[in-house]
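Summary of structural features
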Amino acid sequence: MTDQPHRLELRQITKSFPGCLANDRVDLVLRPGEIHALLGENGAGKSTLVKMIYGVQHPDSGTMLWEGRPVTVADPNEARRLGIGMVFQHFSLFDTLTVTENIALGLEKPGPMAALAQRIATVSERYGLALDPQRHVHSLSVGERQRVEIVRCLLQDPRLLIMDEPTSVLTPQETTKLFDTLRRLASEGCTILYISHKLEEIRALCDRATVLRGGRVVGACDPKAQTARSLAELMIGTELSTPERLPAAVSGAPRLEVRHLSTTSDNPFATSLKDVALEVRGGEILGIAGVAGNGQAELLAALSGEDKVADPDSVRIDGRPVGHLGPRERRTIGLAFVPEERLGRGAVPELSLSDNALLSGYARAPLVKGGMVQFGRAKSYAETIIRSFNVVTRGHRAEARSLSGGNLQKFIIGREILQKPDLLVVGQPTWGVDAGAAAAIHQALIDLARGGAAVLVVSQDLDELFVLSDRIAVLFHGRLSESRPTHRTTVEEIGLLMGGLFNATTEDEDEALHAV
Amino acid sequence: MALIRLEPRGQASQAMLYLTPVLAVVLTLAAGFLLFAALGFDPVAALYAFFIEPLTTTRGLGELAVKATPLVLCAVGLAIGFRANVWNIGAEGQFTLGAIAGGGVALAFYGEGGWWLLPLMVVAGAAGGMAWAAIPAFLRTRFNASEILTSLMLTYVALLLLSLLVNGPYRDPDGYSFPESRLFEEAAVMPILIEGTRVHLGSLFALLAVAGGWVLMARTFVGFQIKVIGLTPMAAGYAGFDQKRIIWLTLLLSGGLAGLAGLCEVAGPIGQIMPSISPGYGFTAIIVAFLGRLHPVGILLAGLLMALSFIGGEAAQIGLGLPKAITGVFQGMLLFFLLATDVLIRYRLRFGTKGPVVKGVAAKGVAA
């Protein structure tokens, strides 16, 4: 084994962008058949490094050895020819094409479509990645889109598989299943380079870990010999603060009440909500778990007002029926909302932070007077958000897209929280956000609830829900389970619910089978 | 071999945003130079006749303002819609309806006009354009029909309607059956602003539209909503901006301004209703809007430039005996070069082969 060449070796790889040294003399050795974790905060240079391996970007200097031979990877096609596959965190899919067509576009010799669809079905079944090859990508949820990317890679029998946060949309059981798959791939000799913020996963899965900070390798370790906390501290270079929680001081009447909420959609691939019921009281955080595509987007849209509901009574805020009201009216009543997609929904990428503060801030902060925008006030509102939530940015003039994911999310959450809402609905508060920012966001949500607001968090990250929530309920196929107090449930139990094991009727099971 | 490569900029270049229209003008002139030379004209003299000579007299400058007026009026409205991804392509039709409605008022009160007639015509003209634009707005918001198609198709309906009217009800009873209306009476004609030229009240309307358009887009919350809807419709939905309202608003606004432009033409330089009242102002305004970067002040400059192409085209027809198509050729080249150079906003040119993109020879060896 030892005289076998390394699968991939990076020597002194350096890459700079205007005004930023993304990778500074990085060394990395990947052995055949190992699962290697790449750790680091957002902006540490992980993405740049793997993009260079995959040929999307090109190092300024340094050497890359593939199985002992120096190579220059000009583009992803060449990377794939070498045997490098990559599952990106941000998807490169065409909305208007089907799953099969999208996968065919990524393959050098896709072959006949029918045969390819068959192969996709086989691979997706084998790895437990439910996927209908005929569906159009625009109708898929975030989680399902990621499955397309994973299957696309697996179809190419890679010898090095790079995975950028692959499990953020899976249930614990599915994650375990994926880990089995990855371990099987590794035992067949495939090397896996694994990027994740979920430190427990890295401890469970990976053989070795390399830690990046500020573009440099700051350490390597055996993750199994570390705790999640020590890994996080290695990543951020300082001590980690854990969100503090007091027992919920639940008070008064429900701030948000949902009764018999059912939705239908013109989109044949949307998940209809079926008779969803929930309530959140002031001071309380309700967590909603579930695998992507089980109705989260529909629930969030029905709560935010982006989709109006036929029966006004099915959604009530502070006792007032609001189902027929749009987002603007609901905000005036006291709702604030953080959507799942931060860039392109929660923020306008091309506009400044000032303008983005105005985007939803107009409803509750005095930023508009007589139809005219009060730019001075919008600016100081943006600056207040930046200051209170430690948003790292050049200032209120910076475009939203120039912020890292974690900082933009802090900005959006800050914008909503500083409106002093009575009710905050949050989708995926920390998806793809580094540990430091995630802790700050969690603390802010807990503080808001402690101040008497009702908070509803929809997330696919169970660890997060267990940190945050007083009660947890699970969405599956558009139905919502009864909520359980967090301290009286376990990850395993919630995981089973996420897989659909709750009052499932025969009809639902049929649907589940058809959906596969 | 020298290679030219496009390299992505980290951020859109603000400088290029304003430089590319200038670059497009320069390239158009260069292409015009070659074109004239190829046609056997003295290119310097031809370009002088086309672009410089009209600017050397007061009358010429006045004509520039006269031609720019309808272009700027139409383009300011269109640009506001374009910012919201509302693609009103039918300004020409709305322009025509403005002339029909406003001019109709002038004819209806022929001989009875007072100080009130012109304001009434202005209102009727704007209302006519709005009504014509309301059709695509309704079809878009109610049936999700593309306003690009409906507004364009309605242009041809409008032109036929005009033709029907000047051959029928609008025809001058003393006009020996020529398809033209009476000449408007004094009270129905736009007052001249500058003695010795044809510059009329409409030019003032155009300047007001520029100022109003700027205030709307830069200062008001409605303008902010228009921007957000255009950039990121999902974020607009998230923020609770009513997209249907904005579609109605932008179409009515652009239709109203186009209708006003149409009225200003028939009540201004033309002075009557004729079968042909526009050399394509409504369509040229689309080029003006983009050449002006959808910004009201940019549109004012672009409108003047386009007006010059009309006047220069006429001068070239008369002075050099060139065909009428020369105007369209120059306008087309300008839009073409503008769209082509726009790539420089997000990319920069790199010359030579040196750079990170080098084909990996060794890697190919391994793969083979």
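Residues numbered from 1 in each chain as written. Chains lettered and ligands numbered in written order. Predicted model: local features only at pLDDT ≥ 70, side-chain atom pairs only at ≥ 80, totals over all residues. Heavy atoms only, no water.

**What to know about the overall build of chain A**
Scanning chain A for helices and strands turns up 17 helices and 23 strands. C-alpha atoms of chain A, sized along the principal axes, occupy 70 × 55 × 45 Å. When each of the 516 residues of chain A is scored for burial, the buried share is 57%. A fraction of 66% describes how many contacts in chain A between residues 6 or more apart in sequence connect residues 24 or more apart. (Helix = DSSP H or I, 4+ residues; strand = E, 2+ residues; numbered from the N terminus. Buried < 20%, exposed > 50% of the residue type's maximum accessible area, 1.4 Å probe, protein only. Contact = heavy atoms within 4.5 Å.)

**A closer look at the domain arrangement of chain A**
Residues and elements named next belong to chain A. By the assigned domains, chain A splits into domain 1 (8–236), domain 2 (241–334 + 421–516) and domain 3 (346–418). Taken together, the contact between domain 2 and domain 3 spans 16 residues of the former and 12 residues of the latter. Both faces combined, the contact of domain 2 with domain 3 buries some 1,200 Å², and carbon together with sulfur accounts for 67% of it. By the criterion of area lost to domain 3, the three top residues of domain 2 are Arg331, Pro421 and Ile441, representing 39% of everything that side buries. (Domains from an automatic or database assignment. Buried area = accessible area lost by both parts, 1.4 Å probe.)

**Side note on the interface of chain A and chain B**
Residue-level contacts link 41 residues of chain A with 28 residues of chain B. Summed over both sides, the interface between chain A and chain B buries roughly 2,900 Å², with carbon and sulfur atoms accounting for 63% of that surface. For the chain A face of the interface with chain B, the top three residues by lost area are Arg328(A), Arg345(A) and Leu359(A), together amounting to 15%. For the interface between chain A and chain B, the tally reads zero salt bridges. Those elements that place two or more of their residues in the side of chain A that touches chain B are strand 5 (69–70), helix 2 (76–82), helix 10 (327–333), helix 11 (353–361), strand 18 (372–373) and helix 13 (405–417) of chain A. Examining the composition of the side of chain A that touches chain B, we find that four residues originate from one element, helix 11 of chain A, more than from any other. (Salt bridge = Lys/Arg side-chain N within 4 Å of Asp/Glu carboxyl O.)

**Here we look at the layout of surface pockets**
Residue and element names in this part refer to chain B. Each pocket or cavity is described by its volume, and for the second largest pocket that value is around 1,500 Å³. Together, 38 residues line the second largest pocket, and Gln14, Leu17, Arg83, Lys227 and Leu231 are the ones closest to its centre. Of the residues assigned to the lining of the second largest pocket, the class counts are 19 nonpolar, eight polar and 11 charged. (1 Å grid on protein atoms, 1.4 Å probe; cavity = no way out; pocket = protein on both sides within 12 Å on 5 of 7 lines; lining within 4 Å. Points joined across faces, edges and corners; volume = space filled by probe spheres on them. Nonpolar A, V, L, I, M, F, W, Y, C, P; charged D, E, K, R; others polar.)

**Here's the deal with the environment of Ala46(B)**
All names here are of chain B. Within the secondary structure layout, alanine 46 lies in helix 2 (residues 43–52). Its relative accessible area of 1% is what places alanine 46 among the buried residues. Distance from alanine 46 to glycine 312, taken between C-alpha atoms, is 9.7 Å for residues 266 residues apart in sequence. Each residue touching alanine 46, except ones within four places of it in the same chain, is listed here: Phe36, Phe41 and Leu320.

**Observations concerning the pairing of strand 7 (residues 160–164) of chain A**
Residues and elements named next belong to chain A. The buried fraction of strand 7 is high, at five of five residues. Here strand 7 shows no split at all, with Leu160, Ile162 and Asp164 on one side and Leu161 and Met163 on the other all buried. Pairing analysis gives four bridges linking strand 6 (residues 84–87) to strand 7, with the strands arranged parallel. Its bridge partner lying in strand 7, glycine 85 is registered against leucine 161. When strand 7 meets strand 8 (residues 191–195), the two strands line up parallel, connected through five bridges. Paired with leucine 160 across the bridge in strand 8 is threonine 191. (Pairing = 2+ DSSP bridges.)

**Things to note about the environment of Asp172(B)**
Residue and element names in this part refer to chain B. Within the element layout of this structure, aspartate 172 appears in the loop between helix 6 (147–166) and helix 7 (201–219). Classification of aspartate 172 by relative accessible area gives buried; the value is 19%. When near neighbours in sequence (up to four residues on either side) are disregarded, aspartate 172 contacts Glu180, Ser181 and Arg182. Only 2.9 Å separates the side chain of aspartate 172 from the backbone nitrogen of aspartate 174, close enough to count as a polar contact. (Polar contact = N/O pair within 3.5 Å; in protein donor to acceptor, adjacent residues only side chain to side chain.)

**Here we look at a nonpolar patch on the surface**
Together, Met372(A), Trp214(B), Val215(B), Val297(B), Leu301(B) and Leu304(B) line one region of the surface with nonpolar side chains, adding up to about 480 Å² of accessible area. Elements represented by at least two residues in the nonpolar patch include exactly helix 7 and helix 12 (296–320) of chain B. A total of three residues in the nonpolar patch trace back to one element, the largest contributor, which is helix 12 of chain B. One can find Leu304(B) in helix 12. (Patch = residues over 30% accessible without salt bridge, like charges linked within 9 Å, V, L, I, M, F, W, Y side chains within 5 Å. Areas by Shrake-Rupley, 256 points an atom, 1.4 Å probe, with all protein chains shown as cover.)

**Structural notes on the packing of aromatic side chains**
In total, this model carries 19 aromatic pairs over all chains according to the counting rule given. Note on Tyr362(A) and Phe221(B): the rings are 4.8 Å apart at their centroids and 45° apart in plane angle, and the pair reads as tilted. Of this pair, Tyr362(A) sits in the loop between helix 11 and strand 17 (368–369) while Phe221(B) sits in helix 8 (residues 221–231), each in a different chain. The class for Tyr362(A) is buried, based on a relative accessible area of 9%. With a relative accessible area of 5%, Phe221(B) lands in the buried category. Here Phe109(B) and Trp116(B) contribute two aromatic rings whose centre-to-centre distance is 5.3 Å and whose plane-to-plane angle is 85°, an arrangement assigned as edge-to-face. Through a chain of ring-to-ring contacts, the aromatic side chains of Tyr362(A), Phe221(B), Phe224(B) and Phe241(B) assemble into a single cluster. (Phe/Tyr/Trp six-rings, centres within 6.5 Å; stacked < 30°, edge-to-face > 60°.)

**Focus: the sheet that holds strand 5 of chain A**
Residue and element names in this part refer to chain A. The antiparallel open sheet is built from four strands, whose spatial order is 2-1-4-5. The open sheet is flanked by strand 2 (20–30) and strand 5, the only strands paired with a single partner. Relative to strand 2, strand 1 (residues 8–17) runs antiparallel, the two sharing seven bridges. Note on strand 2: the bridge partner recorded for serine 16 is leucine 21.

**Observations concerning the nonpolar core**
What tends to happen in soluble globular proteins is that the nonpolar side chains get buried as a cluster. Of all hydrophobic cores here, the largest spans 182 residues; its most connected members are Leu256(A), Leu278(A), Leu456(A), Met121(B) and Phe241(B). Per-element tally for this core: the top contributor is helix 3 (residues 58–83) of chain B, with 12 residues. Excluding its chain neighbours within four sequence positions, the residues that come into contact with Leu456(A) are Leu256(A), Leu278(A), Val280(A), Leu286(A), Ile288(A), Leu303(A), Leu424(A), Val425(A) and Val426(A). If you look at the next biggest cluster of nonpolar residues, it comprises 45 residues, including Ile35(A), Leu131(A), Phe179(A) and Ile202(A). (Core = buried A, V, L, I, M, F, W, Y, C linked by side-chain atoms within 4.5 Å.)

**Quick word on the packing of helix 11 of chain A against helix 12 (residues 375–388) of chain A**
Residues and elements named next belong to chain A. Taken N-terminus to C-terminus, the directions of helix 11 and helix 12 make an angle of 95°; their axes are 8 Å apart at the nearest point. With respect to each other, helix 11 and helix 12 are oriented roughly perpendicular. Together, Leu353, Ser354, Asp355, Ala357 and Gly361 of helix 11 and Phe375, Ala378, Lys379, Tyr381, Ala382, Ile385 and Ile386 of helix 12 make up the contact between the two elements. Along the lines of polarity and charge, the residues of the contact of helix 11 with helix 12 split into eight nonpolar, two polar and two charged. (Axes fitted to C-alpha atoms, helices over the stretch in contact; angles between N-to-C directions. Parallel < 35°, antiparallel > 145°, perpendicular 65-115°, else oblique.)

**Observations regarding helix 8 of chain B**
Side chains that are three or four residues apart share a direction in an α-helix, a result of its 3.6 residues per turn. In terms of residue burial, helix 8 of chain B counts as a mostly covered element, since eight of its 11 residues are buried. Three or more residues of helix 8 of chain B are buried, namely Phe221(B), Gly223(B), Phe224(B), Gln225(B), Ile226(B), Val228(B), Ile229(B) and Gly230(B).

**Description of the confidence of the model for chain A**
Per-residue pLDDT for chain A has a mean of 85; in total, 91% of the residues score no lower than 70. Element-level pLDDT for chain A is lowest in helix 17 (residues 506–515) of chain A, with a mean of 42, against a maximum mean of 96 in strand 20 (residues 454–458) of chain A. (pLDDT = per-residue confidence, 0-100.)

**Description of the side chain of Ser469(A)**
Residue and element names in this part refer to chain A. Examined against the element boundaries, serine 469 turns out to sit in the loop between helix 15 (462–468) and strand 21 (471–476). A relative accessible area of 0% means that serine 469 is categorised as buried. In this structure the side chain of serine 469 is engaged in a polar contact, spanning 2.8 Å, whose partner is the backbone oxygen of leucine 465.

**Details of the pairing of strand 13 (residues 285–289) of chain A**
All names here are of chain A. Where burial is concerned, most of strand 13 is hidden: five out of the five residues are buried. Alternating residues of strand 13 divide into Ile285, Gly287 and Ala289 and Leu286 and Ile288, and every residue in both groups is buried. With four bridges connecting them, strand 13 and strand 20 associate as parallel partners. Looking at strand 20, one finds that isoleucine 288 is bridged to valine 458.

**Quick look at the sheet that holds strand 6 of chain A**
All names here are of chain A. With mixed pairing, six strands are arranged side by side in an open sheet as 6-7-8-3-9-10. At either margin of the open sheet sits one strand with a lone partner, and together these are strand 6 and strand 10 (216–221). Along the sheet, successive strands turn relative to each other by an average axial angle of 20°, direction set aside. Along the sheet, helix 8 (residues 228–236) makes contact with strand 3 (35–39), strand 9 (208–213) and strand 10, crossing strand 9 at roughly 35°.

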